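Working through the structure, step by step
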Amino acid sequence: MKEKKAESLLIEMRGITKVFPGVKALDNVDFNLRYGEIHALLGGNGAGKSTLIKVLTGVEKPDSGKIFLMGHEVTIRSPRHAQELGISTVYQEVNLCPNLSVAENILIGRQPMIRGCIDWKEMNSQAAGILKRILGIDIDVTQLLGSYSVAIQQMVAIARALEIESAKVLILDEPTSSLTTNETEQLFSVMRKLKSENVGIIFITHFLDQVYEVSDRITVIRNGKLISCDDTASLSKMDLIIKMIGRTIADLDEMVKIKNKTTRNVGKENVLKATDFGRMDWVEPMDLNLHDREVLGLAGLVGSGRTETALLLFGVDSPDSGSLEVGNRKIRKYSPNNSIHQGIALSPEDRKAAGIIDDLTVRENIILALQAGRGWFKHLNSKNQTQIADKFIKLLDISTPTAEQLVRNLSGGNQQKVILARWLAINPRVLILDEPTRGIDVGTKAEIQKLVLTLAEEGKSVIFISSELEEVMRCSHRISVLSDKKKIAEFSGQVDEHVLLETMAGSG
Amino acid sequence: MNKSSVSLFIDKFTSSRLFYPLLALALILVLDGIFIPDFFSIQVRNGDLYGRVIDIMRNASTVMVLALGMTLVIATGGIDLSVGAVMAIAASVAAIMMNPVIIGLELPPDLMKFMNDPNFTYSPLWEVILVTLLVAIICGAWNGALVAHMKIQPMVGTLILMIAGRGIAQLITNGVRIQIFYQPYAYIGQGWAVLPFSLYLAFILFGLIWLLVRKTSIGMFIESVGINPKASFYSGINEKNIKMLVYIICGLCAGIAGLIASSNIKTSDANNIGWAIELDAILAVVIGGTSMAGGRFSLLASMIGAMVIQAITTSMYAIGVPAFALQAIKGFVVVLVIFLYAEPVRAFFQKLTLRKAVKA
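Now for a quick tour of the structure. These numbers were taken from a predicted model, which means no experiment stands behind them. (Residues numbered from 1 in each chain as written. Chains lettered and ligands numbered in written order. Predicted model: local features only at pLDDT ≥ 70, side-chain atom pairs only at ≥ 80, totals over all residues. Heavy atoms only, no water.)

**A look at the sheet that holds strand E18 (residues 344-347) of chain A**
Residue and element names in this part refer to chain A. Spatially, E18-E19-E20-E15-E21-E22 is the arrangement adopted by the 6 strands of the open sheet, whose pairing is mixed. Each edge of the sheet is formed by a strand with only one pairing partner; in this case those strands are E18 and strand E22 (486-492). For this sheet, the mean inter-axis angle between neighbouring strands, taken without regard to orientation, is 20 degrees. Inspection of the sheet shows strand E15 (residues 295-299) paired to strand E20 (residues 461-465) by 4 bridges, in the parallel sense. Its bridge partner lying in E20, Gly297 is registered against Phe464. With respect to the sheet, helix H16 (residues 412-424) is in contact with E18 and strand E19 (430-434), its orientation differing from that of E18 by roughly 175 degrees. Those strands touched by helix H17 (residues 442-457) are E15, E19 and E20, and its axis lies near 140 degrees from that of E15. (Pairing = 2+ DSSP bridges. Helix = DSSP H or I, 4+ residues; strand = E, 2+ residues; numbered from the N terminus. Axes fitted to C-alpha atoms, helices over the stretch in contact; angles between N-to-C directions. Contact = heavy atoms within 4.5 Å.)

**Looking at the interface of chain A and chain B**
Listed by partner, the interface residues are 31 residues for chain A and 24 residues for chain B. Taken over both partners, the interface formed by chain A and chain B buries close to 2200 Å², and the fraction arising from carbon and sulfur atoms is 68%. Of the charged contacts, one joins A:Glu364 and B:Arg296 as a salt bridge, the two residues approaching to 2.6 Å between their closest N and O atoms. In this structure, the connection of chain A to chain B is made through 11 residue pairs in polar contact (both at pLDDT 80 or more). Contributing elements (two or more residues each) for the side of chain A that touches chain B: helix H11 (306-314), helix H12 (336-342), helix H13 (351-355), helix H14 (362-374) and H16 of chain A. Its residues assigned to classes, the side of chain A that touches chain B comprises 20 nonpolar, 6 polar and 5 charged. (Buried area = accessible area lost by both parts, 1.4 Å probe. Salt bridge = Lys/Arg side-chain N within 4 Å of Asp/Glu carboxyl O. Polar contact = N/O pair within 3.5 Å; in protein donor to acceptor, adjacent residues only side chain to side chain. Nonpolar A, V, L, I, M, F, W, Y, C, P; charged D, E, K, R; others polar.)

**As for the state of the cysteines**
Throughout the structure, instances matching the rule amount to 0 disulfides over all chains. Free of any disulfide, B:Cys139 has its nearest cysteine sulfur in B:Cys250, 11 Å distant. (Disulfide = S-S within 2.5 Å.)

**Quick look at the nonpolar core**
Counting 185 residues, the largest nonpolar core has A:Leu313, A:Leu324, A:Ile366, A:Trp423, B:Leu72 and B:Ile222 as the members making the most contacts within it. No other element matches the 14 residues that helix H3 (residues 52-75) of chain B contributes to this core. A domain split of this core shows at least three residues from each of domain 2 (249-343 + 429-508) and domain 3 (355-427) of chain A. Discounting residues that sit within four places of it in the chain, A:Trp423 has contacts with A:Phe314, A:Ile340, A:Ala345, A:Leu346, A:Ser347, A:Ala369, A:Pro428, A:Leu431, B:Tyr234 and B:Ser235. In terms of nonpolar packing, the next biggest core, distinct from the first, is built from 37 residues, A:Tyr148, A:Leu170, A:Phe188 and A:Leu194 among them. (Core = buried A, V, L, I, M, F, W, Y, C linked by side-chain atoms within 4.5 Å. Buried < 20%, exposed > 50% of the residue type's maximum accessible area, 1.4 Å probe, protein only. Domains from an automatic or database assignment.)

**Some thoughts on the packing of helix H4 (residues 83-98) of chain B against helix H6 (residues 125-149) of chain B**
Residue and element names in this part refer to chain B. Remark: H4 packs on H6, axes separated minimally by 9 Å, with the N-to-C direction vectors making an angle of 150 degrees. The angle between H4 and H6 places the two elements in the roughly antiparallel class. Remark: the crossing between H4 and H6 carries right-handed chirality. Between H4 and H6, the contacting residues are Val86, Ile89, Ala90, Val93, Ala94, Met97 and Met98 on the first element and Glu127, Val128, Val131, Thr132, Val135, Ala136 and Cys139 on the second. (Parallel < 35°, antiparallel > 145°, perpendicular 65-115°, else oblique. Left-handed = near helix turned anticlockwise from the far one by under 90°.)

**A closer look at the packing of H4(B) against helix H7 (residues 154-172) of chain B**
Residue and element names in this part refer to chain B. Closest axis-to-axis distance for the H4/H7 pair is 8 Å, and the angle between their directions is 15 degrees. Compared by their axis directions, H4 and H7 come out roughly parallel. Pair H4 / H7 crosses with left-handed handedness. Residues Gly84, Ala85, Val86, Ala88, Ile89, Ser92, Val93 and Ile96 of H4 form the contact with H7, whose participating residues are Leu161, Met162, Gly165, Arg166, Ile168, Ala169 and Ile172. Looking at the contact of H4 with H7 residue by residue, the class counts come to 11 nonpolar, 3 polar and 1 charged.

**A closer look at a nonpolar patch on the surface**
All names here are of chain B. On the surface, Val194, Tyr200, Ile204, Leu208, Trp210 and Leu211 cluster together into a nonpolar patch covering about 560 Å² of accessible area. Checked against the element boundaries, Leu208 lands in helix H9 (residues 197-214). Of the residues examined, Leu208 reaches a relative accessible area of 52% and is grouped as exposed. (Patch = residues over 30% accessible without salt bridge, like charges linked within 9 Å, V, L, I, M, F, W, Y side chains within 5 Å. Areas by Shrake-Rupley, 256 points an atom, 1.4 Å probe, with all protein chains shown as cover.)

**As for the environment of A:Ser147**
Residue and element names in this part refer to chain A. Within the element layout of this structure, Ser147 appears in the loop between helix H5 (120-135) and helix H6 (150-163). With a relative accessible area of 47%, Ser147 lands in the partly exposed category. With 25 residues separating them along the chain, Ser147 and Glu122 place their C-alpha atoms 22 Å apart. In this structure the side chain of Ser147 is engaged in a polar contact, spanning 2.6 Å, whose partner is the backbone oxygen of Leu144.

**Section: the packing of aromatic side chains**
Residue and element names in this part refer to chain A. All chains considered together, the criterion is met by 10 aromatic pairs over all chains. Consider the rings of Trp376 and Phe377, whose centres lie 6.2 Å apart with planes at 70 degrees: the pair is edge-to-face. Residue Trp376 is classed as partly exposed on the basis of its relative accessible area, which comes to 22%. Judged by its relative accessible area of 56%, Phe377 falls in the exposed class. (Phe/Tyr/Trp six-rings, centres within 6.5 Å; stacked < 30°, edge-to-face > 60°.)

Rendered as structure tokens:
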């Protein structure tokens with residue numbers, strides 16, 4: 001009987017402890033995974049989820065604790081070894097090679113050979129077959145991976161992980177954060193299919209609705225300690241949130257109150273006005289305006305042109321049609337530097353690639369845009385810099401020991417706050433936030449949402465972009481909907497979620 | 001566990017960027033002190049100091065100057081392979097300005113007699129230096145334009161001038177090695193005021209560049225561009241201007257190094273001046289702990305790195321290693337240094353000191 005129990009566990013981790021210099025990342029954590037189970041692993045940023053996964057995949061060696069795979073104790077030596085044991089991972093950030101084709105990415109190391117050379121034709125057809133069979137997507141596999149959206153890249157990463165034939169355990173580290181509703185559904189059906197084939201899946205995400213939709217059990221980790229492990233069916237959402245953050249979050253009522261209060265403040269004056277504004281292959285020409293003290297939401301599926309619109313408004317590249325006016329002055333030169341002078345700020349979608357400078361300190365990251373606007377020689381002295389940094393660390397409640405900490409050592413949510421601080425430091429009139437809450441925990445998310453409305457109240461205008469429709473609806477006074485690189489509709493006042501969804505899907 | 005202020009200082013020092021380069025330098029000097037008699041002895045002649053240690057510093061000054069510019073370039077994630085060639089160009093320009101008669105084959109007899117006069121120069125010294133450095137700056141701007149505006153990979157972009165530069169240097173002097181007799185010019189590389197003049201030159205340049213990058217925002221922008229160019233651009237930093245600037249500074253440094261080198265050997269030897277020295281400059285930066293991938297940099301650490309390289313060379317000669325074997329030994333030292341800087345080795349040492357701290 002006892003043996004039977006041990007056998008029913010695919011993975012068992014006992015008493016895992018991992019200490020990094022200065023931090024106990026994992027403190028005596030137990031975790032197990034059954035055959036044919038989807039097990040959600042939850043916790044705030046820096047809770048220790050990622051470290052636990054890294055221990056399981058051989059990236060980090062635990063300081064103490066044991067790992068059993070199908071009843072046998074194993075020492076996982078390296079990520080390669082983990083793969084050989086049948087543990088495959090899709091990480092939060094896509095780690096494939098954007099310079100290789102999709103087919104190469106899927107089959108790298110296992111390319112079909114013909115007379116000592118790679119059989120390209122066979123490889124491409126195999127790769128296309130895998131994508132079709134596993135994920136039901138149909139794309140040109142000979143194109144470079146980098147030419148596809150993050151969502152497609154993520155799908156390719158999943159296909160690659162699944163393709164490792166002996167995969168008994170699949171770890172999905174926030175696979176859905178860049179996927180649209182449709183794609184997420186696709187992924188879930190894949191997950192359910194694998195589950196029925198007795199594969200164990202560890203699912204890490206920040207979307208609680210998805211946890212309830214697809215998972216069988218939920219393990220919560222906080223501050224490196226195991227908090228609980230429950231059947232999903234027996235754990236209410238409220239209890240789960242309380243477990244995750246250790247307190248009840250600022251409830252919805254308060255948000256609604258703030259929003260209603262700020263709605264009255266929205267001015268008539270256009271702070272930003274784009275006319276017939278567009279760029280080939282980015283977005284089709286559109287009219288867009290932003291009022292004083294207003295939060296304008298941009299809704300749309302991944303690839304609908306939300307991000308491109310944001311980048312174009314910020315002047316990352318020049319538009320090839322139309323014009324942009326900020327405070328009734330026409331923009332003549334399009335560059336991020338000029339946007340800083342015009343009072344436009346952008347917190348970009350891809351925090352790691354386009355946001356943080358990870359080897360600079362928190363202080364340097366915060367004052368970077370302000371200093372770039374001032375130029376090489378109008379140098380803020382170190383006292384001033386520290387003052388500004390400390391002010392925003394306090395204001396945004398950035399958790400860092402000092403302003404001199406390297407940003408790379410901060411959790412995702414705090415890095416996001418550092419970027420917000422960077423842009424608030426230039427005191428912008430228009431703040432464009434592209435996915436400011438992606439990949440960060442529930443508590444911080446609520447903080448940022450509230451901050452957006454507070455900023456509007458204090459006189460800033462915000463363009464808010466998010467894949468989470470609920471969040472867009474909660475924060476925005478007005479919503480523009482994009483689809484297929486076109487602006488197709490605009491809603492103000494109370495919006496019904498279903499109407500919005502239908503509009504988004506309608507012309508797509 | 002209360003840490004005493006001494007151990008706190010040690011902690012701070014061992015985690016400082018200067019620790020590893022200084023450790024390497026100290027190690028070499030200690031070995032020298034043991035194996036080479038009178039290594040540290042210093043003589044005073046006419047109030048000037050002479051000795052092996054002084055020699056090391058004097059010979060290191062060329063690489064020190066180069067390493068300053070190279071540090072900035074490497075910090076942006078680039079590399080400049082052309083510094084040796086730019087040195088040769090600078091030497092040729094300087095030589096031809098002081099002694100233009102040598103390329104005219106039919107020399108007027110009235111100029112001929114000045115040929116070997118140590119007090120004769122065709123152009124005044126300040127003009128020579130100004131024009132030479134201007135040419136060096138143009139060389140740097142060329143590299144910068146290729147890298148920043150044409151978006152050519154730095155290694156390829158600067159390779160062009162590395163190869164073409166020596167040809168250009170030859171063209172300037174019409175293929176002739178010009179002797180430099182003008183005595184004041186020799187002071188740049190051989191002058192002495194208590195310490196060698198070229199050493200002052202290197203440290204003054206260090207001071208100026210340090211002020212330029214650390215007392216303005218330029219240093220932070222250089223690091224930012226080196227760490228994450230895209231995010232830097234999104235933060236409003238003009239990446240192109242930063243890159244132009246660092247290549248221009250690097251060219252200027254190469255020009256100064258060219259003046260020192262040609263003053264040392266009193267000729268414009270386009271084939272040999274600065275030959276393979278770009279590798280020493282790059283190595284000095286690496287020993288100084290600046291990552292080849294770009295990012296955080298320390299000018300002072302690179303200066304110490306240059307001294308480490310020169311100390312190795314001088315000690316090898318002093319021990320009696322033949323010149324032809326020197327490159328092999330240098331290569332071995334490079335491997336050793338890079339080994340010491342490698343992540344696992346550092347982690348090992350960190351663990352070692354951590355354990356000690358726990359025991360205490």
